[in-house]
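An overview of the molecular structure
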Number of protein chains: 2
Amino acid sequence: MKILVDAFGGDNSPVQIIQGAIDAVNARDGFTVVLVGKEDVIKEELKKYKFDASRVEIIHAPEVITCEEEPTVAIRKKPDSSLCVAFKELKENDEMKAFVSAGSTGAVLVGATLKLGRIKGVNRPALCPTLPTADDNQKVYLLDCGANADCKPINLVQFALMGTAYAEAQGIENPRVALLSNGTEDEKGNMLNHEVFPILKNLKGINFVGNIEGRDILNGKQDIVVTDGFAGNIALKSIEGAVGVVMKIIKQGIYSSTKAKIGGLFLKDTFGTIRNKLDYQNKGGALFIGVNKPVIKAHGSSTAETIMNTVFQAVDYAGFNIADKITEKLALYTPEV
Amino acid sequence: MKILVDAFGGDNSPVQIIQGAIDAVNARDGFTVVLVGKEDVIKEELKKYKFDASRVEIIHAPEVITCEEEPTVAIRKKPDSSLCVAFKELKENDEMKAFVSAGSTGAVLVGATLKLGRIKGVNRPALCPTLPTADDNQKVYLLDCGANADCKPINLVQFALMGTAYAEAQGIENPRVALLSNGTEDEKGNMLNHEVFPILKNLKGINFVGNIEGRDILNGKQDIVVTDGFAGNIALKSIEGAVGVVMKIIKQGIYSSTKAKIGGLFLKDTFGTIRNKLDYQNKGGALFIGVNKPVIKAHGSSTAETIMNTVFQAVDYAGFNIADKITEKLALYTPEV
């Protein structure tokens, strides 16, 4: 299987991206990475590393799309960008099984939708990160996290079905789906949720566990949290911000007295473990769920380690062969017209 | 000045509520607390404490509204509840300057709107907690946090103006107003935000600093964060949940090894300070901004300490005489019809 990697997307591209792709190849068997971008630069970078040359390919793409560019315009005007070339390959070449990029989120989403295309039956794809929970063995999908700022009921229903298809593909039996709301009672919600709730409640093929509040997202009591892209983005970023503030205050506290400094030294490993546990962005990217092949958006500030983990994630997702399963799931809900 | 306290609202009522009110009276001068609820029970509880009897009054209210009741129905059907009696007093008695309740959020909001009434010019009042930030001396208002799940542009614009009026009343010069969105760029947002952004940008009488993401809420770079009640509730609860999960993981980490346990002992005071810093709910309640007198909703699980702090907060807010200032601010924006 071949995994396309956007060598020219992200704050640390191309150096860290290429290093991450090579680290992935050196750490695990069973796939080839295809680096997309300026061939001369990639070739020069590759000289730094030892690796099995039969497992690393290059596809030349002379242009780069930056985060400052308007996504739709950039995708249209830069057919030779690493993003556009990668999506074309992904669409046309059966060997290419998935794509990893740390580039402009907007351009990745627009490019995936326009160039790669949606899975049959999908109304709107969604951006779906995997978050850690208080329970070590439990992860949670939060979707949509920003691809669709305004959603219709069918979108949230499809997010529930697509999330379920992915969770099932990962071996989670009867995955629990919750609807993010402003209260846990059935009657809570905004107008959108009021329409969605009864549909999810009566929908076959998902295990709907009801409304949850923002504070419940990480409690490990659901596998999938469904929401519109605006609220989902705010929830995700609010969680990130709160974790950052707590860690900052702890750091300030540790430096505040000699006693605290000693305590901090004894807890150094523990804090490392905690940081590692909470730093979900380092463990992989957000899946763009609903397009024809797995597209995974890694954080813009991705390091080589992140890219390595995201390549592993791409290999896993590619193995699920999910498109048919999603189409099958989506057939369970036909909106009344 | 007299502050009404709902003695029969909240998980720990009436015992902790009454204790908190008495603690407030014993800790600070300059106000009287008026306990509203079952007179015989309150009188019996008061026997436990020493206090200046001239500063504690009771108004009898035989009924109680619980969190399980539908707010609108409960407010209509229980005119003799502590909530309804308190709102009647607050409206009709000039001596009564503010109201504190740890009871049903829905019933407090509905009661305040229906019985006490909105300040002239206010379209929809908003629930507005004060959150801590990474910077010790900096607080941030987040509104609306749940009173209005679905908002129109005028609501968000008025939240910005009302928040500004409160911040100015507290001596904050030129308070910074941010719009919560799914990205910091001007063009980010859902349909609601797209309408609101240009209005805020051109509005005189506020200091609009643009869009912020969920991760920025606690960064201390704005005094007021404006959003609809659905997204605001999700942001607030997501922050709460994330803080809880981090503290839980730290606790697990500390118990994981002897070395970590020793570190934990040395850091005990530091963690206490951190918990205290982040536990904004213990420092007061959420102001219901836009009704005729200050109504402050304390958390349902409020202890005596929370109630004491919320009474202090009520005394402060009552001193602002905010209604006229809000009406004045709101006149700065007249929506085009």
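The structure contained in this document is the topic of the report that follows. (Residues numbered from 1 in each chain as written. Chains lettered and ligands numbered in written order. Predicted model: local features only at pLDDT ≥ 70, side-chain atom pairs only at ≥ 80, totals over all residues. Heavy atoms only, no water.)

With that settled, consider the relation of the copies chain A and chain B. Note on the identical chains: chain A maps onto chain B by a rotation of 180 degrees and an axial translation of 0.0 Å, with an RMSD of 0.0 Å. Taken together, these values place the two copies in the relation of a two-fold axis. For chain A, the residue whose C-alpha comes nearest the rotation axis is Gly263 of chain A, separated from it by 1.9 Å. When you check the interface residues of chain A against chain B, 100% turn up at the interface there too, and the contact is symmetric in its surfaces. (Least-squares fit on C-alpha atoms with pLDDT ≥ 70 in both. Contact = heavy atoms within 4.5 Å.)

Turning our attention to the packing of helix α6 (residues 153-169) of chain A against helix α12 (residues 322-330) of chain A. Residue and element names in this part refer to chain A. Their axes nearest at 9 Å, the elements α6 and α12 cross at an angle of 135 degrees. Judged by the inter-axis angle, α6 sits oblique to α12. As for the relative orientation of α6 and α12, their crossing is right-handed in sense. Facing α6, whose interface residues are Gln158, Leu161, Met162, Thr164, Ala165, Tyr166, Glu168 and Ala169, α12 presents Ile322, Lys325, Ile326, Lys329 and Leu330. When grouped by side-chain class, the residues that make up the contact of α6 with α12 number eight nonpolar, two polar and three charged. (Axes fitted to C-alpha atoms, helices over the stretch in contact; angles between N-to-C directions. Helix = DSSP H or I, 4+ residues; strand = E, 2+ residues; numbered from the N terminus. Parallel < 35°, antiparallel > 145°, perpendicular 65-115°, else oblique. Left-handed = near helix turned anticlockwise from the far one by under 90°. Nonpolar A, V, L, I, M, F, W, Y, C, P; charged D, E, K, R; others polar.)

Residue and element names in this part refer to chain B. With respect to topology, seven strands assemble into an open sheet ordered β3-β2-β1-β4-β12-β11-β5, the strand pairing being mixed. Each of the sheet's edge strands pairs with one partner strand only, and the pair in question is β3 (56-60) and β5 (126-128). With strand direction ignored, the average angle separating the axes of adjacent strands in the sheet is 25 degrees. Two strands pair when backbone bridges link them, and strand β1 (residues 2-6) and strand β4 (residues 96-101) are joined in this way by four bridges, in the parallel orientation. Pairing of Ile3 across the sheet is with Ala98, part of β4. (Pairing = 2+ DSSP bridges.)

How large an interface is tends to be reported as the accessible area lost when its parts come together. Contacts between the two partners involve 51 residues from chain A, matched on the other side by 51 residues from chain B. Taken over both partners, the interface formed by chain A and chain B buries close to 4,500 Å², and the fraction arising from carbon and sulfur atoms is 71%. The three residues of chain A that bury the most area against chain B are Arg215, Phe230 and Phe266 of chain A, which together make up 15% of that side's buried surface. Viewed at the interface, chain B and chain A are joined by six salt bridges. Arg215 of chain B serves as the salt-bridge partner of Glu240 of chain A, at 2.8 Å between the closest nitrogen and oxygen. The interface formed by chain A and chain B includes ten residue pairs in polar contact (both at pLDDT 80 or more). Breaking the side of chain A that touches chain B down by element, the ones donating at least two residues are α7 (191-202), α8 (229-254), α9 (258-266) and α10 (268-278) of chain A. When residues in the side of chain A that touches chain B are grouped by element, the largest group, 21 residues, is from α8 of chain A. When the residues that make up the side of chain A that touches chain B are grouped by side-chain class, the tally is 26 nonpolar, 15 polar and ten charged. (Buried area = accessible area lost by both parts, 1.4 Å probe. Salt bridge = Lys/Arg side-chain N within 4 Å of Asp/Glu carboxyl O. Polar contact = N/O pair within 3.5 Å; in protein donor to acceptor, adjacent residues only side chain to side chain.)

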